[in-house]
Amino acid sequence: MPPVFEVRRYSAAGRLGELRVPRAGVTVETPALLPVVNPHVQTIQPAQLEAEFGAEMLITNSYVLHGSDELREPALERGLHDLLDFSGAIMTDSGSFQLAEYGDIDVDTPEILQFQHDVGADVGTPVDIPTPPDVSRERAETERATTQERLDVAADMDLGDMLVTAPVQGSTYPDLRETAAREAAATGLDVFPIGAVVPLMSDYRFADLVDVVAAAKRGLPQSAPVHLFGAGHPMMFALAVALGCDLFDSAAYAIYARDGRYMTVRGTEHLEDLTYFPCECPVCASTTPADLQDASEDERHRHLAEHNLHVSFGEMRRVKQALQRGRLLELVETRARGHPAMVDGFRALLDHAHQLEATDPVTGDAFFALSAESARRPEVRRHHDRLGRLDVSGTLLLTEGDRHGDYDECWRLVPPFGPVPPELSDVYPLTGEMPERTDRATQEAAADGVAALVDAAPEATVTVAHRDWPATALERLPETVERVALSGRSTDSYGGQAEDDR
C-alpha cells in the first residue's frame, strides 16, 4: 500500500500531519483524538461526536462485537459505519485489552482481523500481548517476540485497503521498545500504536512514559504514524505530541463522567468538590456544579461526558495551533506546571533534546524562556552545537553589558544560548524573550555555550563579562577564559572589574 501519512509541520518531534484512510475515503488531520465508543453503552452518540465535537475518527472494540449475540450479525450485515452512524474513519481494537484484563481471549489474529475487515473497519488491529510495566525482562522479551510473530501473520493477510496497526510492546525496557518498533516497522504495516502504557499514565509516571515513547520513536521511521494507546487525558496531550505521537484514544471522557469526575487541562476534579466550573464550554456556561449534582444520573453522566469531550478536543486544537506556530514546547512547559509528575515528564522530555532537535525547525515564531528547564530545549542545544562552526581568532569579549576595552571582536552573551555573534543577533531563536532575573541553570547553559566556542577555537583569547553568575556557572568555563564581573542588572553600561582584582 502507498504511504498513508504525510507530515506538514514539525515542532520538537511533534507534527501536524495527515493520515489517509483509504477504506473510509477520508483524510484525518493529526494529531487526532479518537473517542472510544462502546457498542453496547453509548454515553455520547457517534453522530454527536462527529457533528458537535468534530471527531474525524473513532475507535470501537471488535472483540466485543465479535462476541455479542445482539450486535455481531447486525455489524456483519450493515457494517460499522451504518451500525454506529458515523461517516468518519473507524478503527477497531482486537481484544488485547480484554487479554490484559482477564488473561485469555477466544480469538486469534487471523480470525479477529478477518472479522474487523468483514464488518467494515477502516483500521484494524492484531492480537498483541500488552506487557505491563516493571515485569521481568525475560517476560517482556518473550511477549514482545510473540507479538512480533502475530504482526508477521497480519502482514501476510490480504485485507484489501483496510489499514492494519503494528503495536509496539516491550514493557518499561527502552531497548526492547526500540527493537520492537524497528521490527514492527519492517512488517510494512501502517499505523504503530505504543501499547500497555495506561498503567504508567494512571499512576502519573509521566517520566517513564516519556522514556518508553522516546525509545519506540527511535525505532520507527519519520514516516510512521504513531498511536498512543489509551491516552485520553488532555493534561498530557501536549507532552505526548511533542514526543511525536499522532493518534490518541480513550474512553476516559465517559468513564470519568460515570464516576463524577471532571477533566481539566491541569488534572481531574470531582464534581462534589466544585462550587464553580472553571471552563467556558457550552455545558459549563449553561449550568452549575450544584445543578448537575441535582440532575438525574443519566443527565449528569451525559453533561459531564460532554464537558470532558469539549475540554479534550479544545486542548487538541490548542496543541495544533502551537504546532502551527512552532511553539509546542512552551505549551508543554505551561501544562507541566499543573502537576509535579508532569514536571518530571517535561524534564524527561528534555533529556531527549537531541532526539527532538532532529526535527525541530531552525526557524520559528518566538522563543520564550519560561523556567530553568527552558535552558535545556533543543533550540539551545542546536545553537551550542553550531558555535563550533564559527571562525574565531584574536581577542573576543563576550558580554552581558556593552563593549569595553580593546578587543578584536565583541559579541553579546545571552543566557541560555551563550555567545551570540553580531550577524546572528536578529536570528531565531536568539531574538527570544528572557526573564531579567536569570536563574542558575540558564547561566550554566550559557557557560556551556562559551565552552563549546572555546573548544572549537582554542587559538582565540576569550573574556566573559557576566552579571552575578554563580560559581556553578563559572566553573563550567574553560580555564583559559578571563572572567569579568559586571555591576548591577542593567545592560546599558559596562561597569565591570576583573574577578581576580576584586
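Residues numbered from 1 in each chain as written. Predicted model: local features only at pLDDT ≥ 70, side-chain atom pairs only at ≥ 80, totals over all residues. Heavy atoms only, no water.

**Considering the packing of aromatic side chains**
The following threshold applies: Pairs were defined over the aromatic rings of Phe, Tyr and Trp, the Trp ring being its six-membered one, requiring ring centres within 6.5 Å. Orientation was assigned from the angle between planes: stacked under 30 degrees, edge-to-face over 60, tilted for the rest. Helix and strand labels come from DSSP, where a helix needs a run of H or I of at least four residues and a strand needs a run of E of at least two; each type is numbered from the N terminus. Partly exposed describes any residue whose relative accessible area lies between the buried limit of under 20% and the exposed limit of over 50%, with all areas from a 1.4 Å probe on protein chains only and scaled to the type maximum. Consider the ring centre and the ring normal. A charge sits over the ring if Lys NZ or Arg CZ is within 6 Å of that centre and within 35 degrees of that normal.
One pass over the full model with this rule turns up 5 aromatic pairs. Ring plane angle 50° and centroid distance 5.5 Å describe the contact between Phe-237 and Phe-248, whose orientation is recorded as tilted. Pair noted here: Phe-237 is in helix 11 (residues 237-243) and Phe-248 is in strand 11 (residues 247-250), with a separation of 11 residues, a long-range link. As far as the burial class goes, Phe-237 and Phe-248 line up, both buried. If you follow Arg-261 out to its NZ or CZ, it ends over the ring of Tyr-256, 3.8 Å from the centre. The aromatic ring of Phe-368 is capped on one face by Arg-327, whose charged end is 4.4 Å from the ring centroid.

**Some thoughts on the side chain of Ser-250**
Rule in force here: Any N or O atom pair separated by 3.5 Å or less is treated as a polar contact, with the protein-specific requirement of one donor-capable and one acceptor-capable atom, and with residues adjacent in sequence counted only for side-chain atom pairs. Any two residues whose heavy atoms approach within 4.5 Å are treated as being in contact.
Relative to the assigned elements, Ser-250 resides in strand 11. Residue classification places Ser-250 among the buried positions, given a relative accessible area of 12%. Only 2.9 Å separates the side chain of Ser-250 from the backbone nitrogen of Ala-252, close enough to count as a polar contact. Residues in contact with Ser-250, not counting those within four places in the same chain, are Leu-34, Pro-35, Val-36, Gly-230, Ala-231 and Gly-232.

**Remarks on the sheet that holds strand 1 (residues 5-11)**
Rule in force here: Should DSSP find at least two bridges between two strands, the strands are taken to pair. The angle between two axes is taken between their N-to-C directions and runs from 0 to 180 degrees, where each axis is a line fitted to C-alpha atoms and a helix contributes only its stretch in contact.
With antiparallel pairing, 3 strands are arranged side by side in an open sheet as 1-2-3. On the outer flanks of this sheet lie strand 1 and strand 3 (26-30), each paired with one strand and no other. Shown here is a sheet whose adjacent strand axes are inclined to one another by a mean of 15°, direction ignored. Bridging between strand 2 (residues 14-21) and strand 3 involves 5 bridges; their strand directions are antiparallel. Counted as the bridge partner of Val-21 is Val-26 from strand 3.

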